[in-house]
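Topology and contacts: notes
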Amino acid sequence: MFDHTLATQPIPGVTPEVFYRAANIYLQKPHVVNRKLFGASTLATFRVRRGDPVDVDEFVDRLRERLSAGGENDGIEKGVREVCDDLGWEVELLPEGVDLNGFVGGCLVLKRLLPRNLNVFKPLEVLAIVDPELKRISFRCLQDEENNLTPKFSFAVQLVEETLSIICKSTPTSDEKSSIWLKEVLFRRLLKWIDNLVQKTDQKGEQISLGLINDLEEYNRLYGELKTKYGTEMVRIWPESTDPRKFVYEDVAIATYLLLLWKQEREESGSDALQSFVDLGCGNGLLVYILASEGHPGVGIDLRKRKIWECFPGNVTLRVESIDPSGNALFPDTDWIIGNHSDELSPWIPVLAARSAYRCRYFLLPCCAFEFDGTKFQRQNSSVSQYGDFLRYAKQISAVCGFETATDRLKIPSTKRTCLIGSERTYREDQFEETLAKIQTFIDSRTPDTTFKARPAEERVRNCTKISRSVVDEIVRIVFEALIAKRHLAEEHFPGKGWNAGGTLAIGELVRLIPADRLAALKSECGGLQTLLRNNHQIFAVLNGTVQLRLPTRRGIGSKTEEELKRKAKKQNRGNRMVDLKERPCWFFGNHPDGCPFEEEDCKFKHSR
């Protein structure tokens with residue numbers, strides 16, 4: 001049995017229900033903690049009624065014997081049932097996503113871990129045993145030799161007398177990295193989840209990602225194929241000034257989503273014809289390139305041509321054209337209208353699909369919020385963000401247009417990743433003209449002047465990406481000096497170094513320190529101080545409207561501060577290899593009055609001036 005404690009902390013007032021809800025986040029979505037994972041699928045969930053408890057290692061050993069004797073084709077689910085029969089346990093197969101709390105005897109959950117990089121890692125199966133009597137969830141991987149995704153040894157999270165712990169059988173010497181990860185990453189994240197649940201007991205669960213995709217493993221496989229097939233070369237030849245690693249792989253993910261969504265649609269309708277599409281505001285055209293290369297006939301339309309267009313083959317149709325959605329812009333022979341960060345056209349995407357044909361569908365991934373006349377959308381509900389309120393508005397437009405609107409979250413490197421999909425109508429085809437009249441009445445009620453005003457064709461700088469480097473450096477210096485003036489030594493993290501970690505200041509306090517012309521420059525580029533600081537995340541941590549220095553972490557060791565865990569580290573790929581951070585200079589070494597708290601061999605970055 002478990003006899004070694006890796007991490008423990010009392011949490012006064014925590015209930016078993018809160019513990020199970022927090023632990024279930026890790027069980028169902030381990031990828032939010034483990035950066036090697038793309039996601040996880042549930043193979044089976046069993047409710048069990050048992051006698052004496054059985055150790056998770058013993059159960060896995062028995063299961064391995066069954067699988068070895070019966071062959072892989074017999075399946076893990078059958079093997080679990082047979083082991084339970086041997087132990088005298090009664091088992092009942094349950095639907096996915098059940099509440100782990102309250103089962104007499106507990107439950108077994110079989111998960112398949114899906115790696116981000118299928119060229120390096122293989123999917124693995126993990127067994128979790130939920131023991132309500134001990135208030136414990138034990139985990140063990142079914143494979144040992146090829147396991148580089150999760151700890152090779154069994155471990156458990158448990159709650160005993162309002163104390164949270166992560167335990168294992170003995171001090172695991174062969175997998176020290178996993179021990180550090182369990183203590184420094186998973187345990188801290190569990191504490192944070194529990195704290196959030198205690199503070200917000202009525203908080204609703206977060207919408208799952210890729211909820212409309214039936215087969216998560218197929219998505220993972222196809223994404224890997226498209227990334228290799230298109231992404232690697234596009235990153236290499238990218239002629240635009242934008243970051244190719246973000247934009248290329250984001251469009252690869254969107255293309256993967258649409259290809260599988262359309263495949264499911266064909267399977268449900270019994271059709272073999274590949275769907276046609278038009279991408280309005282197609283930008284760099286990469287999404288059009290991938291979809292067209294995968295056989296879907298389509299066209300991309302934008303106000304101006306991009307350099308990357310010259311790199312696409314002749315079968316990719318991209319047009320420079322100004323669309324007037326308030327006029328007679330229709331696409332009657334198109335199956336799907338795509339609005340991928342379509343800005344001023346976003347509120348029009350459902351309208352154009354509704355007007356074009358009764359069978360026309362749409363996919364909308366909104367970013368910036370606009371009204372029908374091309375002006376900025378004004379938030380109606382101050383209790384939510386402008387983005388959240390615009391999503392509500394877009395759903396309202398979709399409903400007026402007669403669509404049964406589905407929403408989903410994409411797996412893309414963006415904070416604005418909620419998409420709207422209209423594929424089914426709520427009215428009969430003989431009511432088409434009547435519905436068009438209702439749509440126009442709704443548009444007229446929103447904007448007195450419904451004449452659409454398109455943006456200028458010339459390129460506009462957005463989100464602080466083109467602000468002069470000297471201006472950025474000046475603002476960074478002002479903020480940095482304001483923080484270290486509130487001197488606070490980080491002895492806990494760098495004992496004996498006397499390293500000044502600075503204090504914490506509110507965004508509002510820092511705004512008052514920035515010259516007016518510099519603030520105006522930020523705002524004119526559709527960004528602001530907070531955006532600039534977030535873009536310099538290697539220096540600053542922006543949390544709940546406050547700013548502080550981001551503490552450096554030792555090379556090869558996970559983040560040691562709670563603040564580090566609040567933001568996901570960005571993985572940047574060149575081809576199929578990770579970027580060596582040692583290629584980048586250490587900002588603190590060259591700019592902090594105390595230098596870097598680490599020697600160069602221990603620092604993640606290069607020490608050079």
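Here, every reference points to the structure presented above.
Residues numbered from 1 in each chain as written. Predicted model: local features only at pLDDT ≥ 70, side-chain atom pairs only at ≥ 80, totals over all residues. Heavy atoms only, no water.

1. Points about the nonpolar core
To keep it simple, the criterion reads: To form a nonpolar core, buried Ala, Val, Leu, Ile, Met, Phe, Trp, Tyr and Cys residues must be joined to one another through side-chain atoms within 4.5 Å. Here's how the labels work: a residue is buried when its accessible area is under 20% of the maximum for its type, exposed when over 50%, partly exposed in between, all with a 1.4 Å probe on protein chains only. To qualify as a helix, a DSSP run of H or I must reach at least 4 residues; to qualify as a strand, a run of E must reach at least 2; elements of each kind are numbered from the N terminus. Working rule for contacts: check all heavy atoms of both residues, and any pair within 4.5 Å makes them a contact.
Membership of the largest hydrophobic core comes to 46 residues, with the highest contact counts inside it found for Y219, Y257, L291, F312 and F363. Elements that contribute at least two residues to this core include exactly α5 (216-237), α6 (244-269), α7 (286-293), β12 (336-340), β13 (361-365) and β15 (418-425). Looking at this core, the element that brings in the most residues is α6, giving 12 residues. Ignoring any residue separated from it by four or fewer positions in sequence, one finds Y257 in contact with L210, L212, I213, Y219, F363, D408, L410, C419 and I421. Membership of the second largest hydrophobic core comes to 43 residues, among which are A22, L124, L164 and L197.

2. Points about helix α10 (residues 432-446)
Threshold: Expected span, for any helix, means 1.5 Å times one less than how many residues it has. Working definition: the arc comes from the directions between the helix axis and the C-beta atoms, pointing outward to the latter.
In this model, α10 (15 residues) spans 22 Å end to end at C-alpha, consistent with the 21 Å of a helix rising 1.5 Å per residue. Taken as a whole, α10 has its buried residues at F432, T435, L436, I439, F442 and I443. Viewed along the axis of α10, the buried residues span an arc of 120 degrees, placing them on a single side of the element. The exposed set on the far side of α10, more than 90 degrees from its buried face, consists of E433, T441 and S445. Along its buried surface, α10 packs onto α8 (349-356), α9 (386-400) and β15.

3. Re the sheet that holds β13
Where we set the bar: One bridge is not enough; two strands pair if DSSP finds at least two bridges between them. Helix axes use the C-alpha atoms of the stretch in contact, all axes being lines fitted to C-alpha atoms, and the angles between their N-to-C directions lie in the range 0 to 180 degrees.
Pairing in this open sheet of 7 strands is mixed, and the strands run β11-β10-β9-β12-β13-β15-β14 from one edge to the other. Whereas interior strands pair on both sides, the edge strands pair on one side only; in this sheet they are β11 (317-320) and β14 (403-409). On average, adjacent strands in this sheet sit at an angle of 20 degrees to one another, irrespective of strand direction. In the sheet, β13 pairs with β15 via 3 bridges, with the strands oriented antiparallel. Bridged to Y362 within β15 is G422. Together, β13, β14 and β15 form the strand contacts of α9, whose direction differs from that of β14 by roughly 150 degrees.

4. A look at the side chain of D373
We apply this condition: Think of a polar contact as two N or O atoms within 3.5 Å of one another; within protein, one of them needs to be a possible hydrogen donor and the other a possible acceptor, and neighboring residues in sequence only count if both atoms come from side chains.
Tracing the backbone through its elements, the reader meets D373 in the loop between β13 and α9. Within polar-contact distance, the side chain of D373 engages the side chain of T375 at 2.6 Å.

5. Things to note about a negative patch on the surface
Our working definition: Residues form patches when they are more than 30% accessible in relative terms and have no salt bridge. Like charges link within 9 Å. Nonpolar side chains (Val, Leu, Ile, Met, Phe, Trp, Tyr) link within 5 Å. Working definition of accessibility: Shrake-Rupley area with a 1.4 Å probe, residue cover restricted to the visible protein chains. For this analysis, a salt bridge means a side-chain nitrogen from Lys or Arg found within 4 Å of a carboxyl oxygen belonging to Asp or Glu. Counted as positive: Lys and Arg. Counted as negative: Asp and Glu, with His and the chain ends omitted from the count. For this purpose, a charge sits on NZ of Lys, CZ of Arg, CG of Asp or CD of Glu.
Judged by side-chain charge, E267, E268, E404 and E424 come together as a negatively charged surface patch. With respect to the helices and strands, E268 occurs in helix α6. Given a relative accessible area of 67%, E268 falls into the exposed group.

6. What about the sheet that holds strand β8 (residues 163-168)?
Where strands meet in a sheet, backbone hydrogen bonds hold them as pairs that are either parallel or antiparallel. Read across the open sheet, the 8 strands follow the order β1-β8-β7-β6-β5-β4-β2-β3; overall the sheet is antiparallel. With partners counted over all chains shown, the strands left at the sheet margins are β1 (4-10) and β3 (90-94), one partner each. Looking at each pair of strands side by side, their axes are set apart by 20 degrees on average, direction ignored. Sheet topology places strand β5 (residues 124-131) next to strand β6 (residues 136-141); 6 bridges connect them, and they run antiparallel. Across the sheet, the residue bridging to I129 is S138, located in β6. Helix α3 (residues 76-87) rests against β2 (37-49), β3, β4 (107-115) and β5 of the sheet, and its axis sits at about 30 degrees to β2.

7. Examining the pairing of strand β10 (residues 298-302)
Quick reminder of the rule: A crossover counts as right-handed when, viewed with the strands pointing away from the observer, the path leading from the first strand over the helix to the second turns clockwise.
Of all 5 residues that make up β10, 4 are buried, and the element is covered over most of its length. Both strand β9 (residues 277-280) and β10 contribute to a ladder of 4 bridges, which runs parallel. Residue pairing in the sheet places F277 in a bridge with G298 of β10. One crossover worth recording links β9 to the parallel β10 by way of α7, and it is right-handed. By the bridge criterion, 4 bridges tie β10 to β11 in an arrangement that is parallel. Bridged to D302 within β11 is V320.

8. Overview of the layout of surface pockets
Note the threshold: Think of a 1 Å grid over just the protein atoms. A cavity is a set of points where a 1.4 Å probe fits yet cannot get out, a pocket is an open set with protein on both sides within 12 Å along at least five of seven lines, and lining residues have an atom within 4 Å of a point. Grid points are joined across faces, edges and corners, and a volume is the space filled by probe spheres set on the points. Following the grouping adopted for this structure description, the nonpolar residues are Ala, Val, Leu, Ile, Met, Phe, Trp, Tyr, Cys and Pro, the charged ones are Asp, Glu, Lys and Arg, and the polar ones are all others, Gly among them.
By volume, the second largest pocket amounts to about 460 Å³. What lines the second largest pocket is a set of 17 residues, among which E265, E268, R361, S423 and E424 lie closest to the centre. Elements supplying a minimum of two residues to the lining of the second largest pocket: α6, β14 and β15. In terms of residue class, the lining of the second largest pocket is built from 7 nonpolar, 3 polar and 7 charged.

9. Details of the pairing of β13
Across the 5 residues that make up β13, a large majority, 5, are buried. Burial of β13 is two-sided: the residues R361, F363 and L365 facing one way and the residues Y362 and L364 facing the other way are all buried. Here β12 pairs with β13 via 5 bridges, running parallel. Looking across to β13, one finds that W336 is bridged to R361. Regarding the hand of the β-α-β motif, the stretch spanning β12, α8 and β13 is right-handed.

10. Overview of the pattern of salt bridges
Within the structure shown, the criterion is met by 31 salt bridges. Between R361 and E265 there is a salt bridge whose closest N-O contact spans 2.9 Å. On the criterion of sequence distance, the pair formed by R361 in strand β13 and E265 in helix α6 is long-range, its members being 96 residues apart. Classification of R361 by relative accessible area gives buried; the value is 12%. Residue classification places E265 among the buried positions, given a relative accessible area of 18%. Of the charged contacts, one joins R446 and E371 as a salt bridge, the two residues approaching to 2.5 Å between their closest N and O atoms. With R446 in helix α10 and E371 in the loop between β13 and α9, the pair connects residues that are 75 residues apart, well separated along the chain. E371 sits in the buried class, given a relative accessible area of 8%.

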